[in-house]
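For reference, the chains in residue letters:
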Amino acid sequence: MNHFRQFAFKQFGYFDFNKDLPERLAGRDYSSFIKIVLVKAKGKLTIDFKQYNLKEDALFFINPGQHYWFDEACCGTMIYYNRDFYCVEIHDKEVACDGILFHNVYEIPVIFLKGPMAADFQHTLQEIKAEIEQEDTAVEEMLRILLKRIIIKSTRIWKQEHDITDGKTRDEAEFSRKFSQLVEWHYARLHTVADYAELLHISPKALNKRITRYSDTTPNDIIKNRIILEAKRLLVHTQLSVKEISYKLGYDDVSYFIRFFTKQAGASPNNFRLSYQQSSAALV
C-alpha cells in the first residue's frame, strides 16, 4: 500500500517494498522527489552507474536527477518528499536539504546499518508509518521531526565513518561541502579549478590544498567527474545527440568534448551509449 500526504504544496509519502520495487517505480514517476531508501541485506542496486551488493542493511539518499535501479531481490522502505516539505535553513547546515547527505559530488551518500543501528532506524520508520495515518493538525510537523531525526542520525554516522570528529576536521568538511555545492550548481558552466577558487575567494593552489588535505581526490577530478556523470546520464537516459549534450554541458567545441569524455570514461560517447543499451537489453 502507498501512504501519501499532501499539506498545501508540501508532499510526503512512503511505501514498503518486498521484491516488487521495480514494478512500483514503473507505476509512478518519483523523479522529482528526494528519496531515502532503506534496503535490507542481500539486495543489489545501481545508483548513477555505481553498483552495490548489500551484505547488510543500508540507507541510500537519492536526489532528483539521480538515476537508480533495484533488482527484484530488494526489500525495504522508500520515503519520498519534495523540497517544500523539507528544505529549511537551519543552524546546522549539515542536515539541511543541501547537507552532506545530499548533493555530495564526492560520493553517493550511503549509510550501512550495523547491529542495533538497523533496529533504531526501523523504529523511526514505524513511527512515521503510524503518524502518517493520524488526522490531527500536528501530523505535518511530526513527520518533519521524524524525517529530521533520520537525517541527523545518518549524518552523525557518516561523519564518524569519515573521521570528522574535531573542530578542525568539521571546518574542512564544511568547506568541502560548500565546494561540493558550487560544483553541483555550476558544473555545466564552470569547468576549471580557477573558476571555483574565484567563487570561494581563494587561489586555485589554496583550493587544491584544502580539498586534498583529507582526500585523495583533487578539485579538478571532482569537477571532471561531475561533468562526466551528467554526460553519462544524458547519453543513456535521453535521446539527445552528442552535439546537443556537448552544448548542454557548456562545451561549444564538440570535438574537444568527445576527446574529453573518451579520456575520462574510457569510451567515446556513442560507444558508451551503445554499450549501456546492450547491457540493459541483456538484463531484460
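Scroll up to find the structure this text is about.
1. What to know about the side chain of Thr-124
So, point 1. Examined against the element boundaries, Thr-124 turns out to sit in helix H2 (residues 116-131).
So, point 2. Assessed through its relative accessible area of 2%, Thr-124 is described here as buried.
So, point 3. Look past the residues within four positions of Thr-124 in its chain and what remains in contact with it is Leu-146, Arg-149 and Ile-150.

2. Some thoughts on the packing of aromatic side chains
So, point 1. Here the structure, examined in full by the defined rule, presents 21 aromatic pairs.
So, point 2. Between Phe-15 and Tyr-80, the ring centres sit 6.3 Å apart and the planes meet at 50°, which makes this aromatic pair tilted. With a gap of 65 residues between them, Phe-15 in strand S2 (residues 10-18) and Tyr-80 in strand S8 (residues 75-81) connect regions that are remote in the sequence. Residue Phe-15 shares its accessibility class with Tyr-80, and that shared class is buried.
So, point 3. Aromatic side chains Phe-49 and Tyr-276 sit 5.9 Å apart centroid to centroid with 75° between the ring planes, which places their arrangement in the edge-to-face category. Within this pair, whereas Phe-49 is found in the loop between strand S4 (44-47) and strand S5 (50-53), its partner Tyr-276 is found in helix H10 (residues 269-283), the two being separated by 227 residues in sequence.
So, point 4. Residue classification places Phe-49 among the partly exposed residues on the basis of a relative accessible area of 30%.
So, point 5. One aromatic cluster in this structure is built from Phe-49, Tyr-251, Tyr-256, Phe-257, Phe-260, Phe-261, Phe-272 and Tyr-276.
So, point 6. When the ring centre of Phe-4 is taken as reference, the NZ or CZ atom of Arg-28 above it lies at 5.0 Å.
So, point 7. Positioned above the aromatic ring of Phe-85, the side-chain terminus of Arg-144 is 4.8 Å from the ring centre.

Rules behind the numbers
- Here the residue numbering is sequential within each chain, running from 1 through the sequence in written order.
- Local features are withheld for residues below a pLDDT of 70 in this predicted model, meaning they are given only at 70 or higher, and side-chain atom pairs are given and counted only at 80 or more; totals for whole chains, interfaces and linings count all residues.
- Side-chain metrics in this entry use all non-hydrogen atoms of the structure; hydrogen atoms and water are not considered.
- Helix and strand assignments follow DSSP, with helices taken as H or I runs no shorter than four residues and strands as E runs no shorter than two, numbered in order from the N terminus.
- Between buried and exposed lies partly exposed: a residue is buried under 20% and exposed over 50% of the maximum accessible area for its type, with that area taken using a 1.4 Å probe on protein chains only.
- In what follows, a contact means two residues having at least one pair of non-hydrogen atoms within 4.5 Å.
- A pair of Phe, Tyr and Trp rings is counted when the ring centres sit within 6.5 Å of each other, with Trp represented by its six-membered ring. The angle between the planes then sorts it: under 30 degrees is stacked, over 60 is edge-to-face, the rest tilted.
- By the criterion adopted, a ring carries a charge over it if an Arg CZ or a Lys NZ lies within 6 Å of its centre and within 35 degrees of its normal.

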